[in-house]
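# Working through the structure, step by step
One letter stands for each residue in the lines below.
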Amino acid sequence: MNVIIEQSWKERLKNEFEKPYFKQVTDFVREEYRTKTIYPPAKLIFNAFDQCPFDQVKVVIVGQDPYHAPGQAHGLCFSVNEGVEIPPSLLNIYKEIHNDLGKPIPKSGNLERWCKQGVFLLNAILTVQAHRACSHQGRGWEEFTDAAIWHLANEREHLVFLLWGAYAQRKGENIDPNKHLILKSPHPSPLSANRGFFGNKHFSKTNAYLIAHGKTPIDW
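Now for the sheet that holds strand β6 (residues 181–185). Reading across from one edge, β3-β2-β5-β6 is the order of the 4 strands in this open sheet, with parallel pairing throughout. The outermost strands of the open sheet, each flanked by one partner alone, are β3 (119–123) and β6. The sheet shows a mean angle of 20° between the axes of neighbouring strands, direction not considered. Two strands pair when backbone bridges link them, and strand β5 (residues 160–164) and β6 are joined in this way by 5 bridges, in the parallel orientation. In the sheet register, Leu162 faces β6, and the bridge partner there is Leu183. Relative to β3, helix α6 (residues 141–155) is tilted by about 150°, and along the sheet it contacts β2 (59–63), β3 and β5.

Below, the structure is given as C-alpha cells:
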C-alpha cells in the first residue's frame, strides 16, 4: 500500500503498511471520512510523522486521540490550529512549563514549533469522529503507533519519553529505561493535573538529559 508519509518514517514503517490490520484501519477510516465528520482533516492524519522525521526525534509525547471539536485537531497530540482557544490540558502543560522554567504562557496552542526542534507529538489513535472521543479506538491505529514507538525505542538512543496518564504509560511499557529517559506523571487534564502533573518538572528534566547527552535542549 502506498501511504503518503514522511520518507524516513515510510522506510521504518513500510512493513506495517502491508499487514492485514493496516488495510482494515484504512478501509474503515476512508468510509468514516466519506460518511461522517472526522478529525483531523485527512491530509493531516500523519502530520506528527511529517513534522518530525525519524532521525530528528529527541522527545516523544504520547497522547490518546485527536481533539473532536471543529477546527482543533491537526494531527499533533495536545496541539491545536492557530487561532483556536487553548484547550484545558494544553493550558495546564503551559502552566507547568511556566512554573518549571519561568517561560511566559503562549497565546497560541499550535505546537509545530516543538516538532521543528525534535518533539514527536504522537496520538495513539490518529483519527476521531466529531464530538465522539475515542470513537476510533480499537480499529488498528494503536498497533501502528506501537510500531512507531518500537522503532524509536529500539533504533535510537537517549530519547526522552513523556508519558502522562495511565494510557500513555501503557504505550511505553516496553521501552528500555537504561537506553532512554522515561518520565511519567498523571495526565495534564484538569481532572488529574493536581494529582502530580503540576510540579513534575518534566520540561527541565528533559532538557537536562538532552544536554547531558550532547543534544540541544528544547525551547519550550
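After that view, the rundown keeps rolling.
Looking now at the packing of helix α2 (residues 20–35) against α6. Where α2 contacts α6, the two axes come as close as 9 Å, and the packing angle between them is 125°. Classed by the angle they form, the pair α2 and α6 counts as oblique. Between α2 and α6 the crossing geometry is left-handed. Contact with α2, carried on its side by Tyr21, Phe22, Val25 and Val29, involves Trp141, Glu143 and Phe144 of α6 and no other residues of that element.

Moving on, we come to the pattern of salt bridges. The full count for this structure, using the stated rule, is 10 salt bridges. Notably, a salt bridge pairs Lys171 with Asp146, separated by 2.7 Å at the nearest N-O pair. Here Lys171, found in helix α7 (residues 166–171), pairs with Asp146, found in helix α6; they are 25 residues apart in sequence, far enough to count as distant. The exposure class of Asp146 is partly exposed, given its relative accessible area of 36%. Overlapping salt bridges bring together Arg12, Asp55 and Glu155 as one network.

Rules used in this analysis
Residues numbered from 1 in each chain as written. Predicted model: local features only at pLDDT ≥ 70, side-chain atom pairs only at ≥ 80, totals over all residues. Heavy atoms only, no water. Pairing = 2+ DSSP bridges. Helix = DSSP H or I, 4+ residues; strand = E, 2+ residues; numbered from the N terminus. Axes fitted to C-alpha atoms, helices over the stretch in contact; angles between N-to-C directions. Contact = heavy atoms within 4.5 Å. Parallel < 35°, antiparallel > 145°, perpendicular 65-115°, else oblique. Left-handed = near helix turned anticlockwise from the far one by under 90°. Salt bridge = Lys/Arg side-chain N within 4 Å of Asp/Glu carboxyl O. Buried < 20%, exposed > 50% of the residue type's maximum accessible area, 1.4 Å probe, protein only.

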